[in-house]
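Read off the chains here:
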Amino acid sequence: FKSPKIAELINLAGRIAASKASVLIQGESGTGKELFARLIHSLSPRSSRPLITVNCGALPESIIESELFGHERGAFTGAHQRRIGRFEQADGGSLFLDEIGELSPLVQVKLLRFLQEGEYQRVGGNQSLRADVRIISATHRDVEDEVKKGDFRDDLFFRLNVITMKIPPLRERREDIPALVDHFLR
């Protein structure tokens, strides 16, 4: 890539990879937020462990909690067996929460508890579980504006937004178009 903005972001990704801090990647749809999440994980000491991805906007509110934290057998209709959640799957690695701005207030509270305590419970369970997970989140929304409107918890925002990466849209880095065209043609 020829864009100085992208070169600066790649450099930033390399510097923050060694950190345990949460990263919030902001940018319009299609700007490469997930690519930067993968880059951060691959350069980190956690690279030998999994990077688990969850698209928070693609899952209905009724499913997201079970998807993230897992559930116990019998926790709800259709829960015929225990299910391991994404936090447990990502233990020792990273969890990429795409479209974090789509989370319901209830799930925001549970995610905040995990970020504060490192603990969670499966849906329908009463045992506290621990996981060592680095959170990398992304959104196309202006989360600060969502906080001001009361649609996103400010305490969760500050826990997720320890390090911010803002990915510029392609219209602001036209010099990258030839490299992208070449890549897709190959």
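Computed from a prediction, not measured in an experiment: that's the story for all the values here.

Trainee: Whenever I open this one, the nonpolar core confuses me. Can you help?
Mentor: Most often, soluble globular proteins keep nonpolar side chains buried together rather than apart. Core analysis: the largest hydrophobic core is formed by 29 residues, its most contacted members being F87, L95, L97 and I135. Put simply, the parts of the chain that give this core at least two residues each are β2 (51-55), α3 (61-69), β3 (94-98), α5 (105-117), α6 (143-149) and α7 (154-160). Take this core: its biggest share by element is five residues, from α5. If we ignore the near neighbours within four places in the chain, the residues touching F87 are L68, F69, L95, L111, F114, Y120, A131, V133 and I135. Listed in part, the 18 residues of the second largest apolar core include L9, I25, F36 and I136.

Trainee: So what exactly am I meant to see when it comes to the sheet that holds strand β1 (residues 23-26) here?
Mentor: Within a sheet, adjacent strands bond to each other through the backbone by hydrogen bonds, running parallel or antiparallel. On the basis of which strands lie adjacent, the open sheet formed by five strands has the order β2-β3-β6-β1-β7 and parallel pairing. Of all strands in the sheet, those bounded by a partner on one side alone are β2 and β7 (163-166). Put simply, the sheet's adjacent strands are angled 15° from each other on average, direction ignored. The pairing of β1 with strand β6 (residues 134-139) spans four bridges and is classified as parallel. Bridge pairing in β6 places L24 opposite S137. Most of the contacts of helix α1 (residues 4-16) go to β7, to which it runs at about 160°, and overall it touches β1, β6 and β7.

Trainee: What is the right way to look at the packing of α1 against helix α2 (residues 33-43) in this model?
Mentor: Any two packed helices are characterised by the angle at which their axes cross and by the distance between the axes. The interhelical angle for the contact between α1 and α2, taken along N-to-C directions, is 40°, at an axis separation of 8 Å. Taken together, the axes of α1 and α2 lie oblique to each other. For the pair α1 and α2, the crossing hand works out as right-handed. Contact residues: I6, L9, I10, A13, G14 and I16 in α1; F36, L39, I40 and L43 in α2. A per-class count over the contact of α1 with α2 returns nine nonpolar, one polar and no charged.

Trainee: I tried to follow α5 on my own but got confused; where do I start?
Mentor: Across its 13 residues, α5 extends 18 Å between first and last C-alpha, which sits within 8% of the 18 Å expected from 1.5 Å per residue. Turning to α5, its buried residues number three or more, namely V107, Q108, L111, L112, F114 and L115. Angularly, the buried residues of α5 cover 160° about the axis, an arc narrow enough to put them on a single face. In this structure, the buried residues of α5 make contact with α3, α4 (86-89), β3, β4 (119-120), β6 and α7.

Trainee: Is there a simple way to think about the packing of aromatic side chains in this case?
Mentor: To describe a pair of aromatic rings, you give the distance between the ring centres and the angle between the ring planes. All chains considered together, the criterion is met by six aromatic pairs. Site record: aromatic cluster; members linked through ring pairs are F69, F87, F114 and Y120.

Trainee: What exactly am I supposed to notice about the layout of surface pockets here?
Mentor: Gaps left between atoms are located by rolling a probe of water-molecule size over the structure's atoms. Quantified by volume, the second largest pocket comes out at close to 230 Å³. Forming the walls of the second largest pocket are 16 residues, and the residues nearest its centre are F114, L115, G118, A131 and V133. Elements with a minimum of two residues in the lining of the second largest pocket: α5 and β6. Here the lining of the second largest pocket takes four residues from α5, the largest share from any one element. Grouping the amino acids of the lining of the second largest pocket by side-chain chemistry returns six nonpolar, three polar and seven charged.

Definitions and limits used
- Every chain begins its residue count from 1, and numbering advances along the sequence as written.
- Selection of residues for local features in this predicted model requires a pLDDT of at least 70, selection of side-chain atom pairs for listing and counting requires 80 or more, and totals for whole chains, interfaces and linings are taken over all residues.
- The basis for the side-chain values is all heavy atoms of the structure; hydrogens and waters are excluded.
- Put simply, buried Ala, Val, Leu, Ile, Met, Phe, Trp, Tyr and Cys residues joined by side-chain atoms within 4.5 Å make one nonpolar core.
- When a residue's accessible area, from a 1.4 Å probe over protein chains only, is under 20% of the maximum for its type it is buried; when over 50% it is exposed; and in between it is partly exposed.
- Numbering of helices and strands runs from the N terminus, with a helix taken as a DSSP run of H or I at least four residues long and a strand as a DSSP run of E at least two residues long.
- Here, residues are in contact when the closest pair of their heavy atoms is within 4.5 Å.
- Here the rule is simple: two strands pair whenever DSSP picks up at least two bridges between them.
- Helix axes are fitted only over the stretch in contact, all axes being lines through C-alpha atoms; the angle between N-to-C directions runs from 0 to 180 degrees.
- Orientation is classified from the angle alone, with under 35 degrees giving roughly parallel, over 145 giving roughly antiparallel, 65 to 115 giving roughly perpendicular, and any other angle giving oblique.
- Left-handed is the label given to a crossing in which the near helix is rotated counterclockwise from the far helix by less than a right angle, and right-handed is the label when the rotation is clockwise.
- In this classification, Asp, Glu, Lys and Arg are treated as charged, Ala, Val, Leu, Ile, Met, Phe, Trp, Tyr, Cys and Pro as nonpolar, and every other residue, Gly included, as polar.
- Every helix has an expected span of 1.5 Å times one less than the residues it contains.
- The reported arc concerns the directions from the helix axis to the C-beta atoms and nothing else.
- Stacked, edge-to-face and tilted are the three classes for Phe, Tyr and Trp ring pairs, Trp counted by its six-membered ring, which pair at centre distances within 6.5 Å; planes under 30 degrees apart are stacked, over 60 edge-to-face, the rest tilted.
- A pocket, in this scheme, is an open set of points on a 1 Å grid over the protein atoms alone with protein on both sides within 12 Å along at least 5 of 7 lines, while a cavity is a set where a 1.4 Å probe fits but cannot get out; residues line either one if an atom lies within 4 Å of a point.
- Grid points are joined across faces, edges and corners, and a volume is the space filled by probe spheres set on the points.

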